[in-house]
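Residue strings, one per chain:
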Amino acid sequence: MNPSETQTTEELTARALAPYSERPDAESVARLVDDLITAGCELHTEVSQVPAAQRTERAGAALNEWSYFIDVGPSSHGDHANWNHARGLARILRNLAEANQDREPVRGDETTG
């Protein structure tokens, strides 16, 4: 399976948020970080396009956290730091995905209940 082409945001976050005992090898963690960044950048762009006045507080925080995590990178060197970085990215990615799903429906797309 090629994770960068076939895995959903939910699957990527699940891989990154697996228990520490299931941490993949260093090369797999590096690929996972790349996949998370690719998915996160796309979601960041989508959520950023929502006018600030229409974003939830959670969406705004996720946008800021994403930018910070991308700019700063892992807190130190080594496999454990990369794994923790992947886990942080996954949590933020999950928040971005939820913020994107929670957006107000576009006029005409509303459903009545």
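**Description of the pattern of salt bridges**
Under the definition given, this model contains two salt bridges. A salt bridge links Glu 27 to Arg 31, with the nearest nitrogen and oxygen atoms 2.9 Å apart. Of this pair, Glu 27 and Arg 31 both sit in helix H3 (residues 26-48), separated by four residues, roughly a single helical turn. On the accessibility criterion, Glu 27 (57% relative accessible area) is exposed. Of the charged contacts, one joins Arg 58 and Glu 98 as a salt bridge, the two residues approaching to 2.4 Å between their closest N and O atoms. Pair noted here: Arg 58 is in helix H4 (residues 57-72) and Glu 98 is in helix H5 (residues 79-101), with a separation of 40 residues, a long-range link.

**Focus: the confidence of the model for the chain**
Residues at a pLDDT of 70 or more form 85% of the chain, whose mean pLDDT is 85. In this model residues 1-5 is a low-confidence stretch, pLDDT under 50, and it forms five contacts with partners more than four residues away in sequence or in other chains.

**Remarks on the packing of aromatic side chains**
This model, assessed by the stated rule, comprises one aromatic pair. Summarising the aromatic geometry, the rings of Tyr 68 and Phe 69 are spaced 6.2 Å apart at their centres and angled 70° between planes, so their arrangement reads as edge-to-face. A residue is classified by how much of its surface remains accessible, and Phe 69, at 25% relative accessible area, is partly exposed. Positioned over the ring face of Tyr 20 is Arg 87, at 4.5 Å from the centre of the ring.

Cut-off values and rules
- Residues numbered from 1 in each chain as written.
- Predicted model: local features only at pLDDT ≥ 70, side-chain atom pairs only at ≥ 80, totals over all residues.
- Heavy atoms only, no water.
- Salt bridge = Lys/Arg side-chain N within 4 Å of Asp/Glu carboxyl O.
- Helix = DSSP H or I, 4+ residues; strand = E, 2+ residues; numbered from the N terminus.
- Buried < 20%, exposed > 50% of the residue type's maximum accessible area, 1.4 Å probe, protein only.
- pLDDT = per-residue confidence, 0-100.
- Contact = heavy atoms within 4.5 Å.
- Phe/Tyr/Trp six-rings, centres within 6.5 Å; stacked < 30°, edge-to-face > 60°.
- Lys NZ or Arg CZ within 6 Å of the ring centre and 35° of its normal.

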